[in-house]
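Survey of secondary and tertiary structure
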Amino acid sequence: MEINSVFLIQQIEQAKAGHQAAYKYLLDTFWSDVYAFQLKRTRNEYDAEEITIQTFSKAFDKLLSFDENYNFKTWLITISRNIHIDLIRKKKASIRGNTADESNEKVYRIADETPTIEDILIKEQHLAQLLSDIKQLKPHYQKVINLRYFQEKSYKEIATELEEPMNNIKVKLLRAKKLLSQIIESRKS
């Protein structure tokens, strides 16, 4: 897929300004590249997915430091590679971060209330069918959807309950909504 570099730079600038749609665009555009890179390295779908989530979480946290003179995909892959190296060094399956870290505060300002296309689609479904669709997601995506939409918890409450950094919760929820909307759309056609 050829990415228009001018449009990409506009999206990065909008994401730096805190626009949720721009974050979603970056996640949707580069998810497959980062995931495929990690799948080759880890040879494990779960680990590749977790590291990809960590990659976007860290990238969104450090987005203000991104220099547009460099390739965004290369920047993401470098972050992903470094996370994987850190995981190997620590010999852990997951990374735990400090959610109170001052440098993370900029990412917490991402709009929480604006309904996306996926939010609207999810809310329009009949409950029984929606529950059936949710069961097709991987368990960790089912959990964040359940906490957000059925228990109506905030990102901060979900992060506390799952003992994960809020950045990770935001990326997981974005990904879960995207996958769920794809399931709903495929059933409709």
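These figures come from a predicted structure and were not determined experimentally. (Residues numbered from 1 in each chain as written. Predicted model: local features only at pLDDT ≥ 70, side-chain atom pairs only at ≥ 80, totals over all residues. Heavy atoms only, no water.)

1. Focus: helix H8 (residues 139-150)
Here H8 spans 15 Å end to end across twelve residues, near enough to the 16 Å set by a 1.5 Å rise per residue. When we look at burial in H8, the residues that qualify are His140, Tyr141, Val144, Ile145, Leu147, Arg148 and Tyr149. Two residues or fewer after H8 comes Glu152, characterised by a positive phi angle close to 50 degrees. (Helix = DSSP H or I, 4+ residues; strand = E, 2+ residues; numbered from the N terminus. Expected span 1.5 Å × (residues − 1). Buried < 20%, exposed > 50% of the residue type's maximum accessible area, 1.4 Å probe, protein only.)

2. A look at the packing of aromatic side chains
Throughout the structure, instances matching the rule amount to eight aromatic pairs. Note on Tyr23 and Phe60: the rings are 4.7 Å apart at their centroids and 80 degrees apart in plane angle, and the pair reads as edge-to-face. Separated by 37 residues along the polypeptide, Tyr23 in helix H2 (residues 20-42) and Phe60 in helix H3 (residues 45-61) bring together distant segments of the chain. The exposure class assigned to Tyr23 is buried, which follows from its relative accessible area of 4%. Where Phe72 meets Trp75, the ring centres are 5.6 Å apart and the plane angle is 40 degrees; that geometry is what we call tilted. Residue Phe72 and its partner Trp75 are both found in helix H4 (residues 72-90); the two are separated by three residues, about one turn of the helix. (Phe/Tyr/Trp six-rings, centres within 6.5 Å; stacked < 30°, edge-to-face > 60°.)

3. A few points about the packing of H8 against helix H9 (residues 155-162)
Remark: H8 packs on H9, axes separated minimally by 10 Å, with the N-to-C direction vectors making an angle of 135 degrees. Here H9 runs oblique to H8, going by the angle between their axes. Of the two possible hands of crossing, H8 and H9 adopt the one that is right-handed. Across the interface between the two elements, Lys143, Val144, Leu147 and Arg148 of H8 pack against Tyr155, Ile158, Glu161 and Leu162 of H9. (Axes fitted to C-alpha atoms, helices over the stretch in contact; angles between N-to-C directions. Parallel < 35°, antiparallel > 145°, perpendicular 65-115°, else oblique. Left-handed = near helix turned anticlockwise from the far one by under 90°. Contact = heavy atoms within 4.5 Å.)

4. With respect to the environment of Tyr46
Residue position: Tyr46 is located in helix H3. Considered as a pair, Tyr46 and Lys138 are 92 residues apart in the sequence and their alpha carbons are 9.6 Å apart.

5. A short note on the packing of H3 against helix H10 (residues 166-188)
Between H3 and H10, whose axes approach to 9 Å, the crossing angle comes to 115 degrees. Our pair here, H3 against H10, has a crossing hand that is right-handed. When H3 is examined against H10, the residues Glu50, Ile53, Gln54, Phe56, Ser57, Phe60 and Asp61 are found in contact with a partner set consisting of Asn167, Asn168, Val171 and Lys172.

6. Re unusual backbone geometry
Of note, Arg43 is a non-glycine position whose phi angle comes to about 55 degrees, a positive value. Its location among the elements puts Arg43 in the loop between H2 and H3.

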